[in-house]
Amino acid sequence: AKFNDAYAKKMSKNKYPNVKAYYTYAKAKEEKENREGIGDTVWEDLLKECNVKKYPAGSRKQAYKDQKRSYQVFAKVSGQSYEEFIGALGQTDEDIQSSADDQVKARMTANTNAIKEGLTLSDADYERFLLAFLEPEEEDKTLKAMEKRYNDEQSCYPRDDILIELVKNYLGKNSKIK
């Protein structure tokens, strides 16, 4: 079909009466998606530039345990052993350790940037992230229950993990798109 005013109106269920209005909508939607994604892009670029001189004592070990526990949860859900699951992903235990190191690096980078930029994680943002991330059932909508579930399934550092998202959002909002 030819994309004309009648088609734009029909396709959008009368929301956009002509091609110009539809293109204006589409352009705004794309810009919004680009803006939302730029935080992740800038974050990845930032992590590539950062070097860890020394990891905090115990952080690498705990991150490895968290990473392994997360994979064990996914393995259990899929009816596989941990070894089968990571093997199916093409991963080794060394890859899991490397991923854990990356998590520690990300937390350190987020904390450093949050301090430098004066960012603080509000309780409301923290709770909103947990709600969105966990999609809690009715029985675990309390903050304490959500934190326990996050701890059991993901990591014992939910506030640090959420701070990473806060920093990504900040970077996205304060970056220029060329």
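Counting from 1, residues in each chain are numbered in the order their sequence is written. Local features in this predicted model are restricted to residues of pLDDT 70 or higher, and side-chain atom pairs are both shown and tallied only at a pLDDT of 80 or more, whereas totals for entire chains, interfaces and linings draw on every residue. Only hydrogens and water are set aside when side-chain values are computed; all heavy atoms of the structure are taken into account.

**Q** Quick rundown of the packing of helix α3 (residues 59-77) against helix α5 (residues 93-117)? Include the residues and the values.
**A** Viewed as axis vectors pointing N to C, α3 and α5 meet at an angle of 120 degrees, and their least axial separation amounts to 8 Å. Between α3 and α5, the angle is such that the two are oblique. Where α3 crosses over α5, the handedness of that crossing is right-handed. Contacts between α3 and α5 involve Ser59, Arg60, Ala63, Tyr64, Gln67, Lys68 and Tyr71 on the former and, on the latter, Asp93, Ile96, Gln97, Ser99, Ala100, Asp101, Gln103, Val104 and Arg107. In the contact of α3 with α5, the residues fall into six nonpolar, five polar and five charged. Geometry is summarised by axes, namely lines fitted to C-alpha atoms with helices restricted to the contacting stretch, and by angles between N-to-C directions that run from 0 to 180 degrees. Helix and strand assignments come from DSSP, with helices taken as H or I runs of at least 4 residues and strands as E runs of at least 2, each series counted from the N terminus. Each angle receives one of four descriptions, namely roughly parallel if under 35 degrees, roughly antiparallel if over 145, roughly perpendicular if within 65 to 115, and oblique otherwise. Put simply, a crossing is left-handed when the front helix is turned counterclockwise from the back one by less than a right angle, and right-handed when it is turned clockwise. Contacts: residue pairs with any heavy atoms within 4.5 Å of one another. Under the convention adopted here, Pro, Cys and the residues Ala, Val, Leu, Ile, Met, Phe, Trp and Tyr are nonpolar, Asp, Glu, Lys and Arg are charged, and Gly plus all remaining residues are polar.

**Q** Would you mind going over the packing of α3 against helix α7 (residues 143-153) in detail, with residue names and values included?
**A** Remark: α3 packs on α7, axes separated minimally by 7 Å, with the N-to-C direction vectors making an angle of 90 degrees. It follows that α3 is roughly perpendicular to α7 by the angle criterion. Of the residues in α7, those touching α3 at Arg69, Ser70 and Val73 are Asn151, Asp152 and Glu153. For the contact of α3 with α7, the residue count by class is one nonpolar, two polar and three charged.

**Q** Could you give an account of the environment of Arg35, with specific residues and numbers?
**A** Inspection of the secondary structure assignment puts Arg35 in helix α2 (residues 19-49). Exposure classes here rest on a 1.4 Å probe applied to the protein chains alone. A residue is buried below 20% of its type maximum, exposed above 50%, and partly exposed in between. Among the residues examined, Arg35 registers a relative accessible area of 30% and is labelled partly exposed. Along the chain, Arg35 and Lys176 lie 141 residues apart, while their C-alpha atoms are 9.0 Å from each other.

**Q** Kindly report on the pattern of salt bridges, identifying the contributing residues and their values.
**A** Side-chain pairs of opposite charge can arise where the charged atoms are in close proximity. Salt bridge, as used here, is a side-chain nitrogen of Lys or Arg placed within 4 Å of a carboxyl oxygen of Asp or Glu. For the coordinates displayed, the defined rule picks out seven salt bridges. Between Asp123 and Arg159 there is a salt bridge, and its shortest N-O distance comes to 3.4 Å. A residue pair is termed long-range when its members are at least 10 positions apart, and Asp123 in helix α6 (residues 123-134) and Arg159 in helix α8 (residues 158-173) qualify at 36 residues. Taking relative accessible area as the criterion, Asp123 reaches 55% and is therefore assigned exposed. Under the relative-accessibility criterion, Arg159 is labelled partly exposed at 35%. Where Glu165 meets Lys168, a salt bridge forms, and the shortest distance between an N and an O atom there is 3.5 Å. Placement of the pair is Glu165 and Lys168 together in helix α8, with a separation of three residues, close to one helical turn. The network of salt bridges with shared partners includes Asp40, Glu165 and Lys168.

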